[in-house]
Amino acid sequence: MTEGASVQILIVEDEIEIAETLRNVLQRELFVVDHVARLAMAHEAVRSISYDLILLDRTLPDGDGLSLVRVLRTEHPGLPIIVLSARGDVRDRVAGLDEGADDYLIKPFALEEMFARIRAVRRRPAVLCVEEIRAGALVFDVVHDEALVAGVRLDLVRRELRVLATLMKRRGRTVLRESLEQAVYGFDDEVQSNTLDSHVSRLRRKLSEAGAGLEIHAVRGVGYLLRAST
Ligand code: CA
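Being a predicted model, the structure only gives us computed values, none of them experimental.

Here we come to the side chain of D103. Note that D103 resides in strand β7 (residues 103–106). Residue class for D103 comes out buried when judged on its relative accessible area of 15%. When residues no more than four places from it in sequence are discounted, the contact partners of D103 are I81, I82, V83, L97, R117 and V121.

Next comes the structure, spelled out in structure tokens:
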């Protein structure tokens with residue numbers, strides 16, 4: 001599944017062993033993976049990061065994972081959610097799907113089956129409801145995760161692409177530094193305080209060389225803002 005490059009997945013799971021296994025196999029497929037063990041942290045994470053997929057345990061220390069599905073369905077209608085649960089009787093599964101989960105995987109499950117379900121939910125057209133974002137002369141192709149100016153693909157490394165994707169999704173608005181760092185590195189990677197700035201400055205140069213017609217403004221002490229050049 002090499003298409004996994006720069007797809008961001010959030011694992012919400014309080015059993016550390018399961019979470020670690022999932023994280024390892026998903027990272028091997030080049031997914032960018034964040035893990036949180038509590039619902040409250042999951043709510044915070046989805047507020048600041050645009051995930052491409054959520055793997056959600058139900059029985060969490062601070063509540064039923066389905067309450068997150070309810071919120072996500074209102075705020076991010078196209079975001080695929082796969083519920084992972086030991087509660088596998090028909091009533092539980094129906095409840096999960098009724099809340100708007102895309103799939104329901106009963107624990108224990110084979111990793112191969114999980115990958116098959118991930119492929120399936122990512123193929124669904126609803127997931128691709130936004131296929132491209134345009135600003136200035138730049139088209140960000142969300143499906144193939146690439147940036148194009150006049151049909152020519154910009155040569156960006158993965159982290160520059162993550163910064164650009166995050167800014168494009170919230171173009172015209174200030175994006176917090178923390179949100180950008182999390183989009184680029186995930187929660188656990190060490191973040192050097194100046195590396196985000198160097199990604200941004202390389203990205204700026206590449207955008208200007210390509211004639212993207214976009215400016216990235218630094219908002220001092222807060223973050224960055226992307227908008228079309230005037
Ligand atoms: Ca659990």
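More follows now that the structure is in view.
Another point: the coordination of the calcium ion. Bound to the calcium ion are the protein donor atoms D14 (OD), D57 (OD) and T59 (O), situated 2.2 to 2.3 Å from the metal. Site description for the calcium ion: donor spacing in sequence, D-x42-D-x1-T. Taken as a pair, D14 in the loop between β1 (8–12) and α1 (16–28) and T59 in strand β4 (residues 59–60) lie far apart in primary sequence, 45 residues in all. Its relative accessible area of 48% is what places T59 among the partly exposed residues.

On to unusual backbone geometry, then. K107 connects to P108 through a cis peptide bond whose omega is -5°. With respect to the element layout, P108 can be found in the loop between β7 and α5 (111–123). A positive phi angle, close to 55°, is found at D145, a residue other than glycine. Located in the positive-phi region is A150, a residue other than glycine, with phi close to 50°. With respect to the helices and strands, the residue A150 is situated in the loop between β10 (146–149) and β11 (152–153).

Here we come to the domain arrangement of the protein chain. Splitting the protein chain by domain gives domain 1 (8–128) and domain 2 (132–228). Between the C-alpha centres of domain 1 and domain 2 there is a distance of 26 Å. Facing 11 residues of domain 1, the contacting portion of domain 2 comprises 11 residues. For the pair domain 1 and domain 2, the two sides together bury roughly 930 Å², of which 49% comes from carbon and sulfur. Of all residues in domain 1, Q8, S48 and S50 bury the most surface against domain 2, accounting for 39% of the area lost on that side. Taken together, the connections running from domain 1 to domain 2 amount to 0 salt bridges. Linking domain 1 to domain 2 there are 0 residue pairs in polar contact (both at pLDDT 80 or more). Elements represented by at least two residues in the side of domain 1 that touches domain 2 include exactly β2 (32–36) and α2 (39–48). The element contributing the most residues to the side of domain 1 that touches domain 2 is β2, with 3 residues. For the side of domain 1 that touches domain 2, the per-class residue count stands at 6 nonpolar, 3 polar and 2 charged.

On to the sheet that holds β11. One open sheet holds the 4 strands; their spatial order is β8-β9-β10-β11, and the pairing between them is antiparallel. If you trace the sheet from one side to the other, it starts and ends with β8 (132–135) and β11, each paired once. Pairing of β10 with β11 involves 2 bridges; the strand directions are antiparallel. Pairing of V149 across the sheet is with V152, part of β11. Helix α6 (residues 158–169) rests against β8, β9 (138–141) and β10 of the sheet, and its axis sits at about 105° to β9.

One can find D34 in strand β2. Taking relative accessible area as the criterion, D34 reaches 1% and is therefore assigned buried. Distance from D34 to Y51, taken between C-alpha atoms, is 9.4 Å for residues 17 residues apart in sequence.

To continue, consider the pattern of salt bridges. Between side chains of opposite charge, a pair can form when the charged atoms approach closely. According to the stated counting rule, one finds 19 salt bridges in the structure shown. Here E15 ties to K107 by a salt bridge, and the two come within 3.6 Å at their closest N and O atoms. Highlighted residues: E15 in the loop between β1 and α1 and K107 in the loop between β7 and α5, separated in sequence by 92 residues. Taking the relative accessible area as the measure of exposure, K107 reaches 15% and is therefore buried. Across the salt bridge formed by R73 and D102, the nearest N and O atoms sit 2.9 Å from each other. Remark: D102 occurs in the loop between α4 (90–99) and β7 and R73 occurs in helix α3 (residues 66–75); sequence separation between them is 29 residues. Take D102: its relative accessible area is 22%, and that puts it in the partly exposed class. Bridged by salt links that share partners, the residues E13, E15, D57 and K107 form one connected network.

Definitions and cut-offs
- Throughout this description, residue numbers start from 1 for each chain and increase along the sequence as written.
- Under the rules for a predicted model, residues below a pLDDT of 70 receive no local features and side-chain atom pairs below 80 are neither given nor counted, while totals for whole chains, interfaces and linings still include all residues.
- Hydrogens and waters are ignored; side-chain quantities use all the structure's heavy atoms.
- Starting at the N terminus, helices and strands are each numbered in turn, a helix being any DSSP run of H or I of at least four residues and a strand any DSSP run of E of at least two.
- Partly exposed residues are those whose accessible area sits between 20% and 50% of the maximum for their type, while under 20% is buried and over 50% is exposed, using a 1.4 Å probe and protein chains only.
- Residue contacts are counted whenever heavy atoms from the two residues lie within 4.5 Å of one another.
- Metal-coordinating donors are taken as N, O and S atoms lying within 2.8 Å of the metal, or within 3.2 Å when the metal is Na, K or Ca; because water is left out, some sites can appear incomplete.
- As used throughout, domain bounds are those supplied by an automatic or database domain assignment.
- Two parts placed together each lose some accessible area; with a 1.4 Å probe, that loss summed over both constitutes the buried area.
- By definition here, a salt bridge exists when the distance from a side-chain nitrogen of Lys or Arg to a carboxyl oxygen of Asp or Glu is within 4 Å.
- Polar contacts here mean pairs of N or O atoms no more than 3.5 Å apart (in protein, one a potential hydrogen donor and the other a potential acceptor; neighbouring residues in sequence count only if both atoms are side-chain atoms).
- Amino acids outside the nonpolar list (Ala, Val, Leu, Ile, Met, Phe, Trp, Tyr, Cys, Pro) and the charged list (Asp, Glu, Lys, Arg) are all regarded as polar, and Gly is one of them.
- Think of it this way: DSSP has to see at least two bridges between two strands before they count as a pair.
- Geometry is summarised by axes, namely lines fitted to C-alpha atoms with helices restricted to the contacting stretch, and by angles between N-to-C directions that run from 0 to 180 degrees.

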